[in-house]
Amino acid sequence: MSKGTLLVISGPSGVGKGTIVGEILKSRKAALSVSCTTRAPREGETDGKSYFFLTKEKFEELIENNGFLEYSKHFDNYYGTPRKFVEDKLEEGDVILEIDVDGALNVKRAYPGAVLVMIAPPDRQSLVARLRGRGTEDEEVISRRLERADYELSKSPLYDKVIINDDLGKAVGEVIAILEKGDNKQ
Ligand code: ADP
Ligand code: 5GP
């Protein structure tokens, strides 16, 4: 049995996942997994921080070599969670994955001990306001993300816990409580 909890955080774009994870990492030691992708970096994204940006050939080679805990394709690009990083870090402590619902459910299949947490908005209006307020996407991308949001939230019943991100401090506290409880270990 490894030492840490594998915590998988999902939720619609703009719900506050990145903000919550950032707050958790201020007060707890945990490893945040950086995914691999074949899509091009966006402005301001750094290789190894936002993602590991790989060629399609390299990604497919890693698939062949069982290098991913899970992977999927979105809009013609591959995205995957590196297996070795997660397994090594779980020996030391908690590991957090911030991935979409399809990836999360695949992780649960591979690691039944993983804890799946869905971050949900208090209501749709707040989600729209946060996406607009973040100012990183144009209206067309925002409306695509909102469509996807309905799909993501429809998978909530398959999650171990649904946390409403209304009061940020409260939501962060609820996620930390899951890590402190520390069950569901691998
Ligand atoms: P995600 O990682 O889920 O796409 P972000 O963490 O980027 O979302 O958050 C989207 C926006 O919502 C950011 O501008 C962030 O400051 C804001 N936000 C996050 N949590 C809350 C909250 N509880 N109340 C109000 N605004 C929030
Ligand atoms: P984006 O290109 O906007 O960064 O991400 C597109 C989609 O890929 C999002 O839904 C995001 O959650 C998902 N994604 C990011 N990393 C991974 C991963 O490691 N595995 C899977 N399955 N999806 C991921």
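Look a little higher up for the structure.
A brief look at the structure comes next. (Residues numbered from 1 in each chain as written. Chains lettered and ligands numbered in written order. Predicted model: local features only at pLDDT ≥ 70, side-chain atom pairs only at ≥ 80, totals over all residues. Heavy atoms only, no water.)

Re the site of ligand 1
Consideration 1: Residues in contact with ligand 1 amount to 14 residues; listed here are only the nearest, Gly 14, Lys 17, Gly 18, Thr 19 and Arg 134.
Consideration 2: Compared with its free state, where it exposes 570 Å², ligand 1 has 71% of that area covered by protein.
Consideration 3: By residue number, the principal contributor to the shell around ligand 1 is helix α1 (residues 17-27), which donates three residues.
Consideration 4: In terms of residue class, the shell around ligand 1 is built from three nonpolar, six polar and five charged. (Near = heavy atom within 4 Å. Areas by Shrake-Rupley, 256 points an atom, 1.4 Å probe, with all protein chains shown as cover. Helix = DSSP H or I, 4+ residues; strand = E, 2+ residues; numbered from the N terminus. Nonpolar A, V, L, I, M, F, W, Y, C, P; charged D, E, K, R; others polar.)

So, the site of ligand 2
Consideration 1: Around ligand 2, the structure places 14 residues, and the nearest of them are Ser 35, Arg 39, Tyr 51, Glu 70 and Tyr 79.
Consideration 2: Contact between ligand 2 and Arg 39: an oxygen atom at 2.7 Å from a side-chain N or O atom of the residue.
Consideration 3: A distance of 3.5 Å separates a nitrogen atom of ligand 2 from a polar atom in the side chain of His 74.
Consideration 4: Burial of ligand 2 by the surrounding chains reaches 84%, relative to a free accessible area of 510 Å².
Consideration 5: Counting only elements with at least two residues in the shell around ligand 2, the list comes to β5 (68-74) and β6 (77-82). (Polar contact = N/O pair within 3.5 Å; in protein donor to acceptor, adjacent residues only side chain to side chain.)

Some remarks on the sheet that holds strand β1 (residues 6-10)
Consideration 1: Strand order in the open sheet formed by five strands is β2-β7-β1-β8-β9, with parallel pairing between adjacent strands. Both outer strands of the open sheet, β2 (31-32) and β9 (161-164), are each paired with one neighbouring strand and no more.
Consideration 2: Sheet topology note: the β1/strand β7 (residues 95-98) ladder contains four bridges and is parallel. When the sheet's bridge partners are listed, Ile 9 is paired in β7 with Glu 98.
Consideration 3: With respect to the sheet, helix α7 (residues 168-181) is in contact with β1, β8 (115-120) and β9, its orientation differing from that of β9 by roughly 155°. (Pairing = 2+ DSSP bridges. Contact = heavy atoms within 4.5 Å. Axes fitted to C-alpha atoms, helices over the stretch in contact; angles between N-to-C directions.)

Looking at the packing of α1 against α7
Consideration 1: Contact pair α1 / α7: the axes reach a minimum separation of 10 Å and the direction vectors enclose 60°. It follows from the interaxial angle that α1 and α7 lie oblique. You can see that α1 and α7 cross each other, and the crossing is right-handed. Along the contact surface, α1 presents Thr 19, Ile 20, Glu 23, Ile 24 and Ser 27, while α7 presents Leu 168, Ala 171, Val 172, Val 175, Ile 176 and Leu 179.
Consideration 2: Among the residues forming the contact of α1 with α7, the class breakdown is eight nonpolar, two polar and one charged. (Parallel < 35°, antiparallel > 145°, perpendicular 65-115°, else oblique. Left-handed = near helix turned anticlockwise from the far one by under 90°.)

Topic: the pattern of salt bridges
Consideration 1: Inspection of the entire model under this criterion finds 19 salt bridges.
Consideration 2: With its nearest N and O atoms 3.4 Å apart, the salt bridge here joins Arg 28 to Glu 180. Within this pair, whereas Arg 28 is found in the loop between α1 and β2, its partner Glu 180 is found in helix α7, the two being separated by 152 residues in sequence.
Consideration 3: When its relative accessible area of 58% is taken as the criterion, Glu 180 is described as exposed.
Consideration 4: Between Arg 39 and Glu 45 there is a salt bridge; the shortest N-O distance is 2.8 Å.
Consideration 5: Owing to a relative accessible area of 10%, Arg 39 belongs among the buried residues under this scheme.
Consideration 6: The class for Glu 45 is partly exposed, based on a relative accessible area of 22%.
Consideration 7: Through salt bridges with shared partners, one network takes in Asp 100, Asp 102, Arg 148 and Glu 152. (Salt bridge = Lys/Arg side-chain N within 4 Å of Asp/Glu carboxyl O. Buried < 20%, exposed > 50% of the residue type's maximum accessible area, 1.4 Å probe, protein only.)

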